[in-house]
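Here is how the chains run, residue by residue.
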Amino acid sequence: FHEMPKRNVVSWTAMIAACAQHGHGKESLQLFRHMLLEGVTPNKITFITILDACASTDALIEGRLIHANIVERGFESDVVVSTAIVNMYG
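Model, not experiment: these values are computed from the prediction. (Residues numbered from 1 in each chain as written. Predicted model: local features only at pLDDT ≥ 70, side-chain atom pairs only at ≥ 80, totals over all residues. Heavy atoms only, no water.)

Caption draft 1: Expanded view of the overall build of the protein. Within the protein, the regular secondary structure consists of five helices and zero strands. The order of helices and strands in the protein, counted from the N terminus, is α-α-α-α-α. In terms of overall dimensions, the protein is globule-like: its C-alpha atoms have a radius of gyration of 12 Å, near the 12 Å expected for 90 residues. Oriented by its inertia axes, the alpha-carbon framework of the protein measures out at about 35 × 25 × 20 Å. By residue count, 40% of the 90 residues in the protein fall in the buried class. Pairs at least 24 apart in sequence give 57% of the contacts found in the protein among residues at least 6 apart. (Helix = DSSP H or I, 4+ residues; strand = E, 2+ residues; numbered from the N terminus. Rg over C-alpha atoms; globule rule 2.2 N^0.38 Å. Buried < 20%, exposed > 50% of the residue type's maximum accessible area, 1.4 Å probe, protein only. Contact = heavy atoms within 4.5 Å.)

Spelled out as structure tokens, the structure:
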């Protein structure tokens, strides 16, 4: 992944998801931050994945910031994204 010449939202999301699914939520959050710093725009799947990482690591502060980002981008009306938000707060 780190040797890829160009990373897009799909490659970033895949790495974030892999880390989150294997119990490395904090690493997922770090990858998400790096993705944003590289100027890659998250999509709905990215948000669902990173919210799950927040839920698994009790990263409520980060989750709130991501929730605000979701609202700014207009994704809060998506049923699956909304479910991930509820799961993160629950």
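Caption draft 2: Up close: the environment of Glu62. Tracing the backbone shows Glu62 in helix α4 (residues 60-73). Judged by relative accessible area, Glu62 falls into the partly exposed class, the value being 27%. When the C-alpha atoms of Glu62 and Leu29 are compared, they prove to be 8.2 Å apart, with 33 residues separating the residues in sequence. When residues no more than four places from it in sequence are discounted, the contact partners of Glu62 are Leu29, Arg33 and Cys54.

Caption draft 3: Here's a closer look at the packing of aromatic side chains. Overall, the coordinates contain two aromatic pairs when judged by the stated rule. Aromatic rings pair up to connect Phe32, Phe47 and Phe75 into one cluster. (Phe/Tyr/Trp six-rings, centres within 6.5 Å; stacked < 30°, edge-to-face > 60°.)

Caption draft 4: Structural view of the pattern of salt bridges. With the rule as written, the count across this model stands at three salt bridges. Its salt-bridge partner being Arg7, residue Glu38 comes within 2.7 Å of it at the nearest N-O pair. Pair noted here: Glu38 is in the loop between α2 (25-37) and α3 (44-57) and Arg7 is in the segment before α1 (9-21), with a separation of 31 residues, a long-range link. The class of Arg7 is buried, set by a relative accessible area of 18%. (Salt bridge = Lys/Arg side-chain N within 4 Å of Asp/Glu carboxyl O.)

Caption draft 5: Inspection of the packing of α1 against α3 at higher detail. Following both chains from N to C, one finds α1 and α3 inclined at 20°, their axes separated by 9 Å at the closest point. The angle between the axes of α1 and α3 places the two elements in the roughly parallel class. Handedness of the α1/α3 crossing: left-handed. Residues Val9, Thr13, Ile16, Ala17 and Ala20 of α1 touch α3, and the partners they reach there are Ile45, Thr46, Thr49, Ile50 and Ala53. Counted by class, the contact of α1 with α3 contains seven nonpolar, three polar and no charged residues. (Axes fitted to C-alpha atoms, helices over the stretch in contact; angles between N-to-C directions. Parallel < 35°, antiparallel > 145°, perpendicular 65-115°, else oblique. Left-handed = near helix turned anticlockwise from the far one by under 90°. Nonpolar A, V, L, I, M, F, W, Y, C, P; charged D, E, K, R; others polar.)

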